[in-house]
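Geometric and topological summary
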Amino acid sequence: MRWSNLFVPTLREAPAEAEVASHRLLLRAGFIRQLHSGHYSLLPLGLRVHDKVADVVRQEMDTIGAQELLLPAMHPAWVWEQSGRWQSMGDEMFRLTDRKGAEVALGMTHEEVIALCAREIHSYREVPQIWYQIQWKFRDEPRPKSGLLRVREFAMKDSYSLDIDDAGLDRAFDLHHAAYTRIFERLGLPAIAVEASSGAMGGSASVEFMVPSAAGEDDIVRCGNCGYAANVERAIAVVPPVDDPPGGVLERFATPGIRTIAALAAAEANASPERQIKTMVYVLDGQITLVLLRGDHELSEQKLLDNTGAAAARPAVAEECVAALGAAPGSLGAVGVTDLPVLADDALAGRSNLTTGANTDDFHFRGVDIQRDISVGEWLDLRQVRHGEPCTGCEGPLELLRCIETGHIFKLGRRYAEAFETTVMDAEGVSRTLTMGSYGIGIGRAVAAVAETHHDERGLCWPTSVAPYEAVVVPISGRDEAVTEVSERIYGELRDAGVEVIIDDRDARPGVKFSDSELVGIPYRVTVGPRALAAGNVELTERASGNTTLVPVEDAVASLTAARDTALAVL
RNA sequence: CGGGCUGUGGCGCAGCUUGGUCAGCGCACCUGCUUUGGGAGCAGGGGGUCGCCGGUUCAAAUCCGGCCAGCCCGACCA
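Residues numbered from 1 in each chain as written. Chains lettered and ligands numbered in written order. Predicted model: local features only at pLDDT ≥ 70, side-chain atom pairs only at ≥ 80, totals over all residues. Heavy atoms only, no water.

**Overview of the overall build of chain A**
Using the following cut-off: For the purposes of this entry, the term helix denotes a DSSP run of H or I that reaches at least four residues, the term strand denotes a run of E that reaches at least two, and both are numbered from the N terminus. Residue burial is assigned from relative accessible area. The probe radius is 1.4 Å, only protein chains are included, and a residue is buried under 20% of its type maximum, exposed over 50%, and partly exposed in between. Two residues qualify as a contact provided that any one of their heavy atoms is within 4.5 Å of a heavy atom in the partner residue.
A count of helical and extended segments in chain A gives 16 helices and 31 strands. Projected onto the principal axes, the alpha-carbon positions of chain A cover approximately 95 × 65 × 50 Å. In chain A, buried positions account for 52% of the 571 residues. Of the contacts made within chain A by residues no fewer than 6 positions apart, 70% connect residues no fewer than 24 positions apart.

Structure (structure tokens):
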């Protein structure tokens, strides 16, 4: 490809709306353009990277025996009604009406369609199956952001395993786990596999592949010592015990104007945050519920949902608190509350002589003994782990890491197969419902994650496995015939050698060509200039390291292909 | 959905407070000449209903109201 023919609209300055590195650089380097919030056009270079990422995924899926298919992006409403998700998906599903008045939706995922296809399987002899597709998915995200990281339409590789029993599902799950590990390695993504919440999908195992990045939206906890890793939605840590002074007598006292844990700690002796009870009022599936945590602990809403089985949780508004308890937030407590469900975090178990709100504005209780004074309905793990807390496995300090979720695998079980009566006959002639697993990788998000992980102040530094082109030949001084001749020759030979190469044949100054090739992030550059050429040499520059070596003209192609092959072998 | 910010040629911005020779600057683009190892120089040139609608006014990019869009934080989110 000749740069003069290539559509790469590079920008000297990044558009103001781009904040995170991948968004800025993908825009500046001419890979993507936004059409609308959450909807991006992939320009030629962007599509090449996208395709390469998809190909890596495809190869590794094929390696574990998965078969590619392609399912419709538009689904009739009844399919989603039959699985119960027409309602539960809510506003996140794009819905429209066709000319006949029939309701349809743009698919956000394909469990239903797969379960329907799988009805063609009739015998245990025909399983296991792993089917995958790379398909455009649509989700009406409340807030698209960060370029390709969170969008409303995107290509996703999703695969589905179909098995007759749990052992088969376990095997399919493990195959995917291994395949995903290889995929992210090949993409140059330092993904960490973490235990995750299954969320609304249910299921018995759930692992997310997380790439550390400040641009991410999820937090994970990791132990550098023993390797424990989990999404904060599930993570646990050792909570060092707190010594409560004995002899607490329940006593109400005035706390005028005090509304926060910190203010109470400052005003009252023996009421440091870890010796207070934080009372949060939540509405769980419509039911007002008190949620109790240690004063210095944070609630994890996902744990609240997961551990109660509730479908929806939201903090109660002040009016609801007053109506339910007689006081506004800041003076709330669970002492003596018997008409509402009370959930308490495990870290409060056995605690005594604590301080908490008295359900009268400007009053608190001291001397509270959880066991004696509060009717706890259920003890649960509800708190969010904090940076530096001891690992439950080895006591090593846990680190909290912000990450991009690039992959998620989990066991669905029989929910969808049951909804569509997807059954097979087993060896005994008994009808058995298939069990499914679901395994996703966002292709565009992976592209962004690679950009996020591989760039410097000059631009992108693509790993060779996904680079839009592998090499660029840069002739310096288009007027020098020897330079032109050697450049064209090397360009032709590289193409013949199977290298994806561009020649920057533009009538531009060297600085422009260097800057553009670095911004775009092509891994190898061959610079042909009169200076080196006079001694029979050209320069070979590696984008990522910036290292330049002089090589004789006749060795250039061999050196470059060797370097590329070495890089690809590792990926 | 709550909070904050922003909409002026392709990109980055100034102008708005104090309405009127303000539609302007840098980059990009076009033509010509020169130039060619890190985003060239000179000369000439093209391009903008100032997000949209309405109002105030002799006069609106500028003031007022409404709407729309985008970005950021939070909530939400297989």
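**Topic: the pairing of strand 1 (residues 32–36)**
Remark: a regular strand shows side chains that alternate across the two faces of the sheet. Applied cut-off: One requirement defines pairing of two strands: DSSP has to find at least two bridges between them.
Sheet analysis places strand 1 next to strand 2 (residues 39–42), joined by four bridges and oriented antiparallel. In the sheet register, Q34 faces strand 2, and the bridge partner there is Y40. Linkage of strand 1 to strand 2, two consecutive antiparallel strands, is achieved through a turn of two residues, within which G38 is found at a positive phi near 85 degrees.

**Regarding the protein's contact with RNA strand B**
Heads up, the condition is: We call a residue near a molecule or strand whenever a single non-hydrogen atom of that residue lies within 4 Å of it. Under the rule applied, a polar contact is a pair of N or O atoms within 3.5 Å (in protein, one hydrogen donor and one hydrogen acceptor; residues adjacent in sequence only if both atoms are side-chain atoms). For this classification, Asp, Glu, Lys and Arg are treated as charged, while Ala, Val, Leu, Ile, Met, Phe, Trp, Tyr, Cys and Pro are nonpolar and the rest, including Gly, are polar.
Around RNA strand B lies a shell of 45 residues, among which R12, T109, E301, R479 and E518 are the nearest. The contact atoms of RNA strand B, taken as those within 4 Å of the protein, divide so that sugar and phosphate hold 50%. R143 places a polar side-chain atom, nitrogen or oxygen, 3.2 Å from a phosphate oxygen of RNA strand B. Those elements that place two or more of their residues in the surface near RNA strand B are strand 1, strand 8 (153–163), helix 14 (510–520) and helix 15 (530–533). If one sorts the elements of the surface near RNA strand B by residue count, helix 14 sits on top with seven residues. Taken together, the residues of the surface near RNA strand B break down into 15 nonpolar, 10 polar and 20 charged.

**Examining unusual backbone geometry**
Backbone torsion omega between V127 and P128 reads 5 degrees, so that peptide bond is classified as cis. Along the chain, the position of P128 falls in the loop between helix 5 (111–117) and strand 7 (129–138). Residues other than glycine seldom take positive phi values, yet S146 does so here, at roughly 55 degrees. Among the secondary structure elements, S146 is positioned in the loop between strand 7 and strand 8. On the accessibility criterion, S146 (16% relative accessible area) is buried.

**Let's talk about the sheet that holds strand 4 (residues 74–76)**
Think of a sheet as strands paired side by side through backbone hydrogen bonds, with each pair either parallel or antiparallel. What counts here: Every axis in this analysis is a line fitted to C-alpha atoms, fitted for helices over the stretch in contact. Angles between the N-to-C directions lie between 0 and 180 degrees.
Pairing within the open sheet is antiparallel, and its three strands lie in the order 4-6-5. Two strands lie at the open edges of the sheet, namely strand 4 and strand 5 (95–97), each paired on one side alone. Taken pair by pair, the neighbouring strands of this sheet meet at an average axis angle of 35 degrees, ignoring direction.

**Some words on the packing of helix 2 (residues 44–63) against helix 6 (residues 166–186)**
Note the following rule: Under this scheme an angle from 65 to 115 degrees is roughly perpendicular, one under 35 degrees roughly parallel, and one over 145 degrees roughly antiparallel; angles in between are oblique. Two helices crossing with the near one rotated counterclockwise from the far one by less than a right angle form a left-handed crossing, whereas a clockwise rotation gives a right-handed crossing.
One way to put it is that helix 2 packs onto helix 6 with a least axis distance of 9 Å and a crossing angle of 150 degrees. By the criterion of interaxial angle, the relationship of helix 2 to helix 6 is roughly antiparallel. The hand of the helix 2/helix 6 crossing is right-handed. Residues V56, V57, Q59, E60, M61 and T63 of helix 2 pack against H176, A179, Y180, R182, I183 and R186 of helix 6.

**A closer look at the domain arrangement of chain A**
For clarity, the cut-off: Domain start and end points were adopted from an automatic or database domain assignment. By definition, the buried area sums, over both parts, the 1.4 Å-probe accessible area that each loses when the two are put together. One speaks of a salt bridge when a side-chain nitrogen belonging to Lys or Arg is within 4 Å of a carboxyl oxygen belonging to Asp or Glu.
What the domain assignment lists for chain A is domain 1 (3–235 + 400–451), domain 2 (251–380) and domain 3 (469–570). For domain 1 versus domain 3, the separation of C-alpha centres amounts to 38 Å. Tallying the contact residues gives 13 residues for domain 1 and 14 residues for domain 3. With both chains or domains summed, domain 1 and domain 3 bury close to 1,100 Å², and 64% of this area falls on carbon and sulfur atoms. Remark: the boundary between domain 1 and domain 3 carries two salt bridges. Note that K52 is salt-bridged to E500, the shortest N-O span being 2.6 Å.

**Considerations on the packing of helix 2 against helix 12 (residues 443–453)**
Where helix 2 contacts helix 12, the axes come no closer than 9 Å and their chain directions differ by 110 degrees. Taken together, the axes of helix 2 and helix 12 lie roughly perpendicular to each other. Along its contact with helix 2, which presents V49, H50, V53, A54 and V57, the element helix 12 presents I443, G444, A446 and V447. Each residue belonging to the contact of helix 2 with helix 12 can be placed in one class, and the counts come to seven nonpolar, two polar and no charged.

**Quick look at the pairing of strand 9 (residues 192–195)**
The alternating pattern of strand 9 places I192 and V194 on a buried face and A193 and E195 on a face that is not buried. Pairing between strand 9 and strand 10 (residues 206–212): four bridges, direction antiparallel. By the bridge assignment for strand 10, V194 is matched with E208.

**Considering helix 14**
Turning to helix 14, its buried residues are K513, D516, S517, E518, L519 and V520. Residues of helix 14 that are buried sit in contact with helix 1 (21–28), helix 2, strand 26 (459–460), strand 27 (471–475) and strand 29 (524–528). Taken from the residues just after helix 14, G521 is the one with a positive phi, measuring 85 degrees.

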